[in-house]
Amino acid sequence: MSDKRFAGLSGSVDSPAVSADFESARLFDKVRVGRLGVYFRDGFKTRFLDYPSLERVFIRVQQVNGRMCCGNATFEYYRLVFVRGGKEIADVMSEKEKEMDAALAYIHEMAPALPIGFPSKN
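Overview of the structure. What you see is a predicted model; the values in this text were computed from it and never measured. (Residues numbered from 1 in each chain as written. Predicted model: local features only at pLDDT ≥ 70, side-chain atom pairs only at ≥ 80, totals over all residues. Heavy atoms only, no water.)

**Description of unusual backbone geometry**
So, step 1. Unusually for a residue other than glycine, D29 sits at a positive phi of about 55°.
So, step 2. Along the chain, the position of D29 falls in the loop between β3 (26-28) and β4 (31-33).
So, step 3. With a relative accessible area of 25%, D29 lands in the partly exposed category. (Helix = DSSP H or I, 4+ residues; strand = E, 2+ residues; numbered from the N terminus. Buried < 20%, exposed > 50% of the residue type's maximum accessible area, 1.4 Å probe, protein only.)

Here it is as structure tokens:
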């Protein structure tokens, strides 16, 4: 197994432990979820978001109305959004709702202390 470099939140991450975690991580459409964090493609880089640096993770549903020759159609995209310091720092878009739901559930399983979803307004 070759060591791979990842783009982390505070620079490049070059660690055999992170590389091994990437190789063993479960794949959910475009995102890999491992023991140490989440991995996904961002341009030419593979991003690595480690769980301790994240504040919250949630899914945003985006509806797009498309006009076509024969009428209108509505498309839905599901974005797995990562929050740090009160700001959305990254998201992964997919058309597969079940895959994104499964990824979010597995993130919660791997990092139970990480808040999932929106905070309650109580």
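**Let's talk about the environment of K45**
So, step 1. Relative to the elements of secondary structure, K45 occurs in strand β6 (residues 45-50).
So, step 2. Note: C-alpha distance between K45 and V18 (27 residues apart in sequence) is 15 Å.
So, step 3. Not counting the four nearest positions on each side in its chain, K45 is found in contact with A7 and F40. (Contact = heavy atoms within 4.5 Å.)

**Focus: the nonpolar core**
So, step 1. Within the largest apolar cluster, 22 residues are counted, with the highest numbers of intra-cluster contacts made by V31, F40, V57, L80, F82 and I107.
So, step 2. Looking at this core, the elements with two or more residues in it are β4, β5 (37-42), β7 (56-68), β8 (71-84), β9 (87-94) and α2 (97-110).
So, step 3. Looking at this core, the element that brings in the most residues is α2, giving five residues.
So, step 4. Dropping the residues within four chain positions of it, V57 is found in contact with L80, V81, F82, L104, I107, L114, P115, I116 and G117.
So, step 5. Within the second largest apolar cluster, six residues are counted, among which are F6, A25, Y39 and F48. (Core = buried A, V, L, I, M, F, W, Y, C linked by side-chain atoms within 4.5 Å.)

**Some points on the sheet that holds β7**
So, step 1. Read from one edge to the other, the open sheet built from three strands follows the order β7-β8-β9, with strand pairing classed as antiparallel. Both outer strands of the open sheet, β7 and β9, are each paired with one neighbouring strand and no more. Each adjacent strand pair in this sheet contributes to an overall mean axis angle of 30°, direction not counted.
So, step 2. Where α2 meets the sheet, it contacts β7, β8 and β9, and its direction lies at approximately 15° from that of β8. (Pairing = 2+ DSSP bridges. Axes fitted to C-alpha atoms, helices over the stretch in contact; angles between N-to-C directions.)

**Comments concerning the pattern of salt bridges**
So, step 1. Throughout the structure, instances matching the rule amount to four salt bridges.
So, step 2. With a closest N to O distance of 3.6 Å, K96 and D29 form a salt bridge. One end of the pair, K96, is in the loop between β9 and α2; the other, D29, is in the loop between β3 and β4, with 67 residues separating them in the sequence.
So, step 3. A salt bridge links R60 to E88; the nearest nitrogen and oxygen atoms lie 2.5 Å apart. Of this pair, R60 sits in strand β7 while E88 sits in strand β9; the two residues are 28 residues apart in sequence, bridging distant segments of the chain. (Salt bridge = Lys/Arg side-chain N within 4 Å of Asp/Glu carboxyl O.)

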